[in-house]
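# Structural description and commentary
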Amino acid sequence: MLKIEGVHTFYGQIEALKGVDLHIGKGEIVTLIGANGAGKSTLLMTVFGNPKCRKGRIVYEGQDITGVPAHEIVRLGIAQSPEGRRIFPRMTVYENLQMGALPTDGSTFEADIREVFDLFPRLEERRNQRGGTLSGGEQQMLAIGRAMMSKPRLLLLDEPSLGLAPLVVRQIFEIIKKINEKGVTVFLVEQNAFHALKLAHRGYVMVNGSITLTGTGRELLANPEIRAAYLEGGH
Amino acid sequence: MAYFIQQLINGLTLGAIYGLIAIGYTMVYGIIGMINFAHGEIYMIGAFISVITFLVLQAAGIGFVPLILVVMLIASMLFTAVYGWSVERVAYRPLRRAPRLAALISAIGMSIALQNYVQLTQGARVKALAPIISGGVTLFEQDGFAVRLSFLQIFIIILTMALMAGFSYLIDRTPLGRQQRACEQDRTMASLVGVNVDRTISTTFVMGAALAAVAGMMVTLYYGVVDFFIGFLAGVKAFTAAVLGGIGSLPGAMLGGLLIGLIEAFWSAYFSIEYKDVAAFSILVLVLIFRPTGLLGKPEIEKV
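Cut-offs used in this document
- Residues numbered from 1 in each chain as written.
- Chains lettered and ligands numbered in written order.
- Predicted model: local features only at pLDDT ≥ 70, side-chain atom pairs only at ≥ 80, totals over all residues.
- Helix = DSSP H or I, 4+ residues; strand = E, 2+ residues; numbered from the N terminus.
- Rg over C-alpha atoms; globule rule 2.2 N^0.38 Å.
- Buried ≥ 20, exposed ≤ 12 C-beta atoms within 10 Å, placed from the backbone.
- Contact = placed C-beta atoms within 7 Å.
- Pairing = 2+ DSSP bridges.
- Axes fitted to C-alpha atoms, helices over the stretch in contact; angles between N-to-C directions.
- Domains from an automatic or database assignment.
- Nonpolar A, V, L, I, M, F, W, Y, C, P; charged D, E, K, R; others polar.
- pLDDT = per-residue confidence, 0-100.
- Core = buried A, V, L, I, M, F, W, Y, C linked by C-beta atoms within 7 Å.
- Expected span 1.5 Å × (residues − 1).
- Arc of directions from axis to C-beta.

Right, let's talk about the overall build of chain B for a bit. For chain B, the helix and strand inventory stands at eleven helices and four strands. Relative to a compact globule of 304 residues, whose C-alpha radius of gyration would be 19 Å, chain B shows 19 Å and is just as compact. The dimensions of chain B, computed from C-alpha atoms along their principal axes, are 65 × 50 × 35 Å. Burial status across chain B gives 47% buried among its 304 residues. Pairs at least 24 apart in sequence give 75% of the contacts found in chain B among residues at least 6 apart.

All names here are of chain A. The strand order across the open sheet formed by six strands is E6-E7-E8-E3-E9-E10, and the pairing between neighbours is mixed. In the strand order of this sheet, the two ends are held by strand E6 (78-81) and strand E10 (210-216), each with one partner. The mean angle between the axes of side-by-side strands here comes to 15°, regardless of whether they run parallel or antiparallel. Sheet topology note: the strand E9 (residues 202-207)/E10 ladder contains six bridges and is antiparallel.

So, on to the domain arrangement of chain A. All names here are of chain A. Along its sequence, chain A is organised into domain 1 (1-77 + 155-171 + 184-235) and domain 2 (86-151). The C-alpha centroid of domain 2 is placed 24 Å from the C-alpha centroid of domain 1. Facing the eight residues of domain 1 at the interface are seven residues of domain 2. Per-class residue counts for the side of domain 1 that touches domain 2 are six nonpolar, one polar and one charged.

This paragraph deals with the confidence of the model for chain B. Taken over all residues, the pLDDT of chain B has a mean of 92, while the share at 70 or more is 98%. Predicted complex, confidence summary: ipTM 0.93, pTM 0.91.

Let us now look at the nonpolar core. In this structure, Ile17(B), Ile21(B) and Ala215(B) are the most contacted members of the largest nonpolar core, which totals 156 residues. Residue contributions to this core peak at 15 residues, all from helix H8 (residues 197-223) of chain B. The residues that make up this core include at least three from each of domain 1 (1-77 + 155-171 + 184-235) and domain 2 (86-151) of chain A. Residues in contact with Ala215(B), not counting those within four places in the same chain, are Ile17(B), Leu20(B), Ile21(B), Tyr43(B) and Gly46(B).

Before going further, it helps to spend a moment on the sheet that holds strand E2 (residues 14-24) of chain A. All names here are of chain A. Spatially, the four strands line up as an open sheet ordered E2-E1-E4-E5, and their pairing is antiparallel. Across the chains shown, the open sheet's two edge strands, defined by having one partner strand only, are E2 and strand E5 (63-64). Judged from the six bridges that link them, strand E1 (residues 2-11) and strand E4 (residues 53-60) form a sheet pairing that is antiparallel. In the strand pairing of E4, glutamate 5 is matched with arginine 57. Packed on one face of the sheet, helix H1 (residues 40-47) meets E1, E2 and E4 and runs near 70° to E2.

Chain A puts 22 residues into the contact, and the matching count from chain B is 15 residues. Every element with two or more residues in the side of chain A that touches chain B is listed here: helix H2 (70-73) and helix H3 (93-100) of chain A. Broken down by element, the side of chain A that touches chain B gets its largest block of residues, four residues, from H3(A). Class assignment of the residues belonging to the side of chain A that touches chain B gives a composition of ten nonpolar, seven polar and five charged.

Residues and elements named next belong to chain B. Counted at 1.5 Å a residue, the expected span for helix H11 (residues 276-290) with its 15 residues is 21 Å, and the 21 Å between its end C-alpha atoms agrees. Taken together, the buried positions of H11 are occupied by Ala280, Ile283 and Val287. Each buried residue of H11 lies within a common arc of 50° when the element is viewed along its axis, so the set occupies one face. Among the exposed residues of H11, those pointing more than 90 degrees away from its buried face are Val278, Val285, Leu286 and Ile289.

What follows is the structure, encoded as structure tokens:
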């Protein structure tokens, strides 16, 4: 569904991605784990062409989307819940969701928002509250809900568990599973390797802008290197 | 008391005009974080286009006042909007990723260029216009002083109120306004959900220019004279109004405009007319020192 081929991305002179190859199949949950600063978020933003990759290609459903402007990407069926959630702080929950529905023609808006409210009943309670006043967990729900409003076929999630209480993390991961079961392909970037690998069909490990390991979620979870680097000691 | 009320009316009229210009400053600041110093010139161009439109209509023998006003309004909004769009395209968009100082210098350059362009094409002499809307009503008389409310003042205040109401509705309730607010709050995220950021910024310039054009037309009608230099002072005053109200805030710009108009009118009436600009700009200094976010401005808060 999404193929990333030899992608190099630079921030000025600094090479943040050094030839990344990975692919995501239709219906999968694929996770990308790695330490802070490995280039995981950069990869997600590169899919949206911001920053643009300097070398390599990004192919989505057989179409080369390298160089397609960010605002067109979401219209192809790829939505992102980005790093830091980036809720529109001075818009209400409802308006944030309306923004998410921008790429649709609006004819199914009521049904779509119903679906999001069913996934996150909390958002319905808070529908008229401003995004900036929500708790971290609620903001994360809103970020995912907003992405779902565009009816994506591929959902990119950047660290949905960051800074959340363990109970909320578990909730969010359950919802990601539910979303996947509705037929949405999920690409999940995480530092919380344990939860991510347990949920994902396949995983990739990124170190310093390169993919170093790949395998099924279970394989990676059992890999002693991974256990030492990402799982044991607090995670 | 009668004198006071008369000044109140004059101040509100003036304030309405400043408010319309101030909206352009505040919207552009909100969306791209820079002061469009060419905005005063856009207003001046709006005034010129309304004069030209009037002369064309007159030459064509059209004398029906409501028709003249409507055509003037539409023509000046339309043509001035094209100027607003072009200014953004030529002077700011290429500098979108450049340091802010570069865009600021570009703005000042644009302002000088537009002034000289109008001076060259229209001449440096003041253009005078015969009054189109004349007459008015005497509200009451006290101690031999009659409080007058001219039809022109009614026209200006009502048109401004209608435009501001329509505009607030557009920003608060329509998808277009929502996209503009999204760009204002987080441009990157706006592009991720599918907002065409460049186009939204262009739209903002177009809308600001159209409102400035209305202000330009009103000034033409109110004072009956225009020249190529009126944009400077009006621009700086409207900028003051935007800062006073809280730059980036739409209701702030309207409130700031009204306050600056009132301050000027009362200062001219009770102190000295020569120093009315000093009064307005002292407000700018005081606001910047004591309340840099303005009356309705929001302090920057970000939740991590």
